Every structure is written in C-alpha cells, then in structure tokens.
Amino acid sequence: MDGGCSGDMAAEFGDEPHVLAVDDNLIDRKLVEKLLKNSSCKVTTAENGLRALEYLGLASDKRNALDGTVSKVNLIITDYCMPGMTGYELLKKIKESSVLREVPVVIMSSENVPTRISQCLQEGAQMFMLKPLKQSDVKRLECYLMRCRS
Amino acid sequence: MDLVQLQRQLVDYKTSLYNEGFLDEQFTQLQELQDENNPDFVVEVVSLFFEDSERLLNELTKALEQQSVDFKRVDAHVHQLKGSSSSIGAQRVQKVCIAFRNYCEEQNIEGCVKCLQQVRHEYSLVKTKLESMFQLQQQILSAGGSIPM
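Please read all numbers here as calculations on a predicted model, not as lab measurements. (Residues numbered from 1 in each chain as written. Chains lettered and ligands numbered in written order. Predicted model: local features only at pLDDT ≥ 70, side-chain atom pairs only at ≥ 80, totals over all residues. Heavy atoms only, no water.)

Enquirer: Please provide a residue-by-residue account of the overall build of chain B, values included.
Expert: Regarding its fold elements, chain B presents 6 helices and 0 strands. If you list the helices and strands of chain B from N to C, you get α-α-α-α-α-α. Taken along the three principal axes of its C-alpha coordinates, chain B extends 55 × 30 × 20 Å. For chain B, buried positions account for 47% of its 149 residues. Considering only intrachain contacts with a sequence separation of at least 6, the fraction spanning at least 24 residues in chain B is 66%. In the form shown here, chain B has an accessible surface area of approximately 7900 Å², with 46% of it arising from carbon and sulfur atoms. (Helix = DSSP H or I, 4+ residues; strand = E, 2+ residues; numbered from the N terminus. Buried < 20%, exposed > 50% of the residue type's maximum accessible area, 1.4 Å probe, protein only. Contact = heavy atoms within 4.5 Å. Areas by Shrake-Rupley, 256 points an atom, 1.4 Å probe, with all protein chains shown as cover.)

Here it is as structure tokens:
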C-alpha cells in the first residue's frame, strides 16, 4: 500500500467519503455498512442493482444527464450474485455513464471464480473481494476513497 | 454465582462453541465491529440472522413440497442462507448449505430434503447456543461486569 494512505479519512477528505453499498442479503448489507462506518464513511445501501441505479440517477426512465454532473458517491461496492441485475451488469451500466464512470467500483462475492473475477476487472472494477468482508478488507479501500495513486 | 465465575463460564462457553465448530473466525470479526456507538451490534445482526433464516427455512419447506420442485428457486434460498450464515460465522449451518447446493445442482430431491432437515437442526442448535451466550452476557452486564472478549 502507498505510504500516503492514512487511517483518518474524514480528516484527509474534509467531508466523509460517501459509499454506496449494494447487496441483496440483509445481513451482508448491515455488515458492510458497519465496516464502512467504522472507517468514517457515510454509507447508503441498496438492495439490488435497480435501486442502486435509481439512487445514482441512472435509471432508464431518467434521461437527465445534467442532473448532477458530480457523482454523489466516491465509491460503489456491490455484491456479484444478485437477482435481476448482477453486480457485473451494474458495473457495466456505471462504466457506460459519463458522470459515473470515474467512480471506483468494487465487486464482492462469496465465490472465488477466476473467470468471474477477471471479467469484472476487465470491465473496469477496481477490486474484487471475497465475502465475508473483514475490517482489513475495508482498509484496502482507503486508497480509492482518498484517491491515492499507487 | 459471582461475577468472576460468570465471566469464566462465558469464556469457556464461547471457547466450546468455536471448538465444536458452531462458530468460526467470522463471529470474532463481528464482535470486533461492535463499539460504544453500537453496543448491541452483535445482538442486532444475529437477531436479523435468526429472522431471515426462519423465513428462508419456511420458503425452502414450501418449495420442496411442490409437485414439481423448482430447484433454481430452492438453490436461490440456500445461497442466501449460506451467505448469511457465513457472514455471522455460523459455520455448521454454512457447511450444510454447501452440501445442499450440490444436491440442488444435481436436482436430487431426496438429498435436498435431507439437507433441509440437517440445516434446520444445525440452525436450531446454533440459535439456542447463541441465545444462551447472550443471556450469560446480559447477566454479566447486569451484575455490573464487562464482557471478556
């Protein structure tokens, strides 16, 4: 890890970094929220890809590209296996958006499937993490939240 | 029973839960997430797990009772249960879920029914044990003590 990444993100950032966490499992949502809050992040959770897109202003019925030229969130962390829209499909939609494509996206999964991992990384995911997440996993995200260069 | 005895009893009880495979490292992680801002975090998450698991077990029962079993649907529920049990460290429940998913893939109804029984059993065991542990913790707190971690 880059030596420039310190622990107190709120101080570095001025404002707390805002993370959108997407997971269809209630317990996992609660867990990831706590992990992120313990790292001084503001957290919004969504229970599926569609809700996430709605929150981000990317839902298909809204064509207002000018509605927020600055993204509301600094990081998106999403589960891979979700009903309706997978985390991969969500990732693609985010990368297609001119407003949101720069937002780092992290994919989580309980399954270690190499083809799945490379597919996500190729599509532009910043990182792939195995569930269940631990505090040390969230520490690895600090660089993206402070925009450190490695 | 005095405070020190209660605390010792709690430590021994927790240790046995880990040794017998009811809980794994992930439960420790969960406890480490708890702080003064959220002193009930573990109890809250575990309670959510209980509610969610009971819902899933009911759904699984219904799904396996159908004339024509929808294995995709069964698998989806087991996947959820596997995920939550893994996230709170309920290792024995998680292990049965892994076997359960294999039977779903094989579309083996007998195997699925057997696994459902097993997972109900393991769930019920870990629920009882966690509730006992929480009760013990509460006794310690009520006696003015702190929870040994």
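Enquirer: I'd love a proper account of the UniProt feature "modified residue: 4-aspartylphosphate" (unreviewed entry) in chain A, names of residues and values included.
Expert: All names here are of chain A. Mapped onto this structure's residue numbering, the UniProt feature "modified residue: 4-aspartylphosphate" (unreviewed entry) falls at Asp79. Positionally, Asp79 belongs in strand β3 (residues 75-79). Other than its neighbours up to four places away in sequence, Asp79 contacts Val22, Asp23, Asp24, Gly87, Met108, Ser109 and Lys131. (UniProt positions renumbered as here; feature names shortened; annotations may be inferred.)

Enquirer: Quick rundown of the packing of aromatic side chains? Include the residues and the values.
Expert: In total, this model carries 3 aromatic pairs over all chains according to the counting rule given. Centroid distance B:Phe50 to B:Tyr123: 6.2 Å. Interplanar angle 80°. Geometry classified as edge-to-face. With a gap of 73 residues between them, B:Phe50 in helix α3 (residues 41-65) and B:Tyr123 in helix α6 (residues 109-142) connect regions that are remote in the sequence. For B:Phe50, a relative accessible area of 9% gives the class buried. Connected via pairs of aromatic rings, a cluster forms that spans B:Phe49, B:Phe50 and B:Tyr123. Here the guanidinium or amino end of A:Lys72 rests over the ring plane of A:Tyr55, the centre of that ring lying 4.2 Å away. (Phe/Tyr/Trp six-rings, centres within 6.5 Å; stacked < 30°, edge-to-face > 60°. Lys NZ or Arg CZ within 6 Å of the ring centre and 35° of its normal.)

Enquirer: Explain the environment of A:Ser71 to me, using residue names and the numbers behind them.
Expert: Residues and elements named next belong to chain A. Its place among the elements puts Ser71 in the loop between α3 (49-56) and β3. Given the relative accessible area of 19%, Ser71 is considered buried. When neighbours within four sequence positions are excluded, Ser71 is seen to be in contact with Val99, Leu100 and Val103.

Enquirer: Please provide a residue-by-residue account of the side chain of B:Gln26, values included.
Expert: Mapped onto the elements of the fold, B:Gln26 is located in helix α2 (residues 25-33). Polar side-chain contacts of B:Gln26 include one of 3.3 Å to the backbone oxygen of B:Ser87. In this structure B:Gln26 touches A:Leu31, A:Pro132, A:Leu133, A:Lys134, B:Ser86, B:Ser87, B:Ile88 and B:Gly89, once residues within four positions along its chain are discounted. (Polar contact = N/O pair within 3.5 Å; in protein donor to acceptor, adjacent residues only side chain to side chain.)

Enquirer: Residues and numbers for the UniProt feature "domain: HPt" (unreviewed entry) in chain B, please.
Expert: The UniProt entry lists residues 38-133 of chain B under the feature "domain: HPt" (unreviewed entry), expressed in the numbering used here. Counting secondary structure, residues 38-133 of chain B comes out at 88% helix and 0% strand; the distance between its end C-alpha atoms is 19 Å.

Enquirer: Any chance you could break down the confidence of the model for chain A for me, citing the residues and the numbers?
Expert: Scored by pLDDT, chain A has a mean of 85; 81% of the residues are at 70 or more. Segment residues 1-7 of chain A: pLDDT under 50, and 14 contacts once partners within four positions in sequence are set aside and those in other chains are kept. (pLDDT = per-residue confidence, 0-100.)

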